[in-house]
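Structure assessment
One-letter residues, chain by chain:
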Amino acid sequence: MTVTLAVRTSAAAPARAAALALLRRTGSAVLVVWGAITLTFVALHSIPGDIVDAVLGTTQVTPAIRARIVSDYALDQPLTTQYAGYLGRLLHGDLGRSYSQGMPVSTLIGQQASSTFVLMLAAILFALVLAIVVAVATANRPRWLRGPAVTAEVVSLAVPSFWLGILLLTVFSFQLHWFPAIGASGLDGLVLPAISLGLAPAAMLSQVLRQGLERVLDEPFIVTARARGLRPAVVLVRHALRHAILPVVTLTGWLFGAFVSGAVVVENVFSRQGLGRLTTSAIGQRDFPTVSAIVLVAAVVYIVVNLLVDVLYPLIDPRLREPGAVER
């Protein structure tokens, strides 16, 4: 009976430790979101001049609408009341109203978000697949094979995404006519923007994964696998890749912010609809409610992605399911 209880306690310990770690990460994420919301509120009240003018941007409205803005934002109330009202509106999904576009900001973001997320997912998928293929093909390989790959990675990291986008448009759209030039929403219109956005992250991930593979390939368990007669490709893909890919998963979560900022540039280069073009337009019109809402949405999505990365760790590496491992 005592032995059975001990076994159950031992089996439950990793799950309890993982749940506590996830709870702590969730609490930290909520604090970060609250900080972003508070900074947005402070930014609105730090803009020189009338807050109503900051909300309206370059839009001219009637005195009745200006009075409505004062009422909606509780601008005639103490600052603490305004802050509480701001938090309450956000909790109910009210991101404010864009007076330059004439519609709620949540509607604006909802109309544009899917295009941006499709582009980002395509770029992330392209980056991961390219990084894994290049790293597996060049890890512990001769210099004549490894050297050109490393050089191509350095060049890819040095090329700005907007310049790469213009180059791809010139070659594959204007010269070869393989892909549509601008404004296409289909799958063929996604190829060049995804490459422009994902090539530099792919180069970074490839470098990290190759170093990880070369380190893992010297581990004793790899020597044991080879001694068992497993083929080199099986050892590399089934045993080494699983242990080396954890830093790549971490880096991908961290790079998500770079994908968000890169989407702003790439969408404008390829004239694609999305949050990037919406952000550029809102900045040009000084549409503060739209810009601040996009910043908040990007922060929330970034935090959610990194939480998912934390959840993936124990699934990829069983050693992280041990009590205390998730805290290290």
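Above this note sits the structure.
A positive phi angle, close to 60 degrees, is found at H177, a residue other than glycine. By the element assignment, H177 lies in the loop between α7 (161-175) and α8 (188-216). Unusually for a residue other than glycine, S271 sits at a positive phi of about 55 degrees. Within the fold, S271 resides in the loop between α11 (246-269) and α12 (275-284).

Within the secondary structure, T138 sits in helix α5 (residues 105-138). Relative accessible area serves as the criterion here: at 4%, T138 is assigned to the buried category. With residues near it in sequence (within four places) discarded, T138 still touches L145, R146, A149, R210 and E214.

As a packed pair, α5 and helix α13 (residues 288-316) sit with axes 11 Å apart at the nearest point and diverge in direction by 50 degrees. One finds that α5 runs oblique with respect to α13. The interaxial crossing formed by α5 with α13 has right-handed handedness. Packed against α5, whose contacting residues are V105, L108, I109 and F117, the element α13 presents P289, T290, A293, I294, V297 and V301 at the interface. Residue classes in the contact of α5 with α13 are distributed as 9 nonpolar, 1 polar and no charged.

The subject of this paragraph is the nonpolar core. L197, L205, L209, L213, A240 and F259 are the most contacted members of the largest nonpolar core, which has 43 residues in total. For this core, the secondary structure elements donating two or more residues are α5, α7, α8, α9 (220-227), α10 (232-244), α11 and α13. Ranked by the residues each element gives to this core, the list is headed by α11, at 9 residues. Contacts of L209, omitting those with residues within four sequence positions, involve A131, I132, A135, L241, A244, I245 and V248. I51, A54, V55 and L56 belong to the second largest nonpolar core, which has 10 residues in total.

As a further point, take a nonpolar patch on the surface. The grouping of F162, W163, I166, L167, V171, L176, W178 and V265 at the surface amounts to a nonpolar patch, some 740 Å² of accessible area in total. Looking at which element gives the most residues to the nonpolar patch, the answer is α7, with 5 residues. Along the chain, L176 falls in the loop between α7 and α8.

A full pass over the atoms with the stated rule returns 3 aromatic pairs. Between F41 and Y86, the ring centres sit 5.6 Å apart and the planes meet at 40 degrees, which makes this aromatic pair tilted. With a gap of 45 residues between them, F41 in helix α1 (residues 2-46) and Y86 in helix α4 (residues 79-91) connect regions that are remote in the sequence. This pair shows no difference in class: F41 is buried, exactly as Y86 is. Both rings, one in F172 and one in W178, keep their centres 5.7 Å apart while their planes meet at 40 degrees; by these two values the pair is tilted. Site record: aromatic cluster; members linked through ring pairs are F41, Y83 and Y86.

The next subject is the pattern of salt bridges. Following the criterion strictly, the structure yields 2 salt bridges and no others. A salt bridge links R146 to E214, with the shortest nitrogen-to-oxygen separation between them at 2.9 Å. Here the residue R146 occupies a position in helix α6 (residues 143-158), and E214 occupies one in helix α8, the gap between them amounting to 68 residues. Taking relative accessible area as the criterion, R146 reaches 27% and is therefore assigned partly exposed. Residue classification places E214 among the buried residues on the basis of a relative accessible area of 16%. Between R210 and E153 there is a salt bridge; the shortest N-O distance is 2.6 Å. In this pair, R210 sits in helix α8 while E153 sits in helix α6, placing the two residues 57 residues apart along the sequence.

Direction vectors running N to C along α8 and α10 enclose 115 degrees, while the axes themselves pass 8 Å from each other. Judged by the sense of rotation from one axis to the other, the crossing of α8 with α10 is right-handed. Along the contact surface, α8 presents L209, G212, L213 and V216, while α10 presents L236, A240, L241, H243 and A244. Of the residues belonging to the contact of α8 with α10, the class tally is 7 nonpolar, 2 polar and no charged.

How each quantity is defined
Residues numbered from 1 in each chain as written. Predicted model: local features only at pLDDT ≥ 70, side-chain atom pairs only at ≥ 80, totals over all residues. Heavy atoms only, no water. Helix = DSSP H or I, 4+ residues; strand = E, 2+ residues; numbered from the N terminus. Buried < 20%, exposed > 50% of the residue type's maximum accessible area, 1.4 Å probe, protein only. Contact = heavy atoms within 4.5 Å. Axes fitted to C-alpha atoms, helices over the stretch in contact; angles between N-to-C directions. Parallel < 35°, antiparallel > 145°, perpendicular 65-115°, else oblique. Left-handed = near helix turned anticlockwise from the far one by under 90°. Nonpolar A, V, L, I, M, F, W, Y, C, P; charged D, E, K, R; others polar. Core = buried A, V, L, I, M, F, W, Y, C linked by side-chain atoms within 4.5 Å. Patch = residues over 30% accessible without salt bridge, like charges linked within 9 Å, V, L, I, M, F, W, Y side chains within 5 Å. Areas by Shrake-Rupley, 256 points an atom, 1.4 Å probe, with all protein chains shown as cover. Salt bridge = Lys/Arg side-chain N within 4 Å of Asp/Glu carboxyl O. Phe/Tyr/Trp six-rings, centres within 6.5 Å; stacked < 30°, edge-to-face > 60°.

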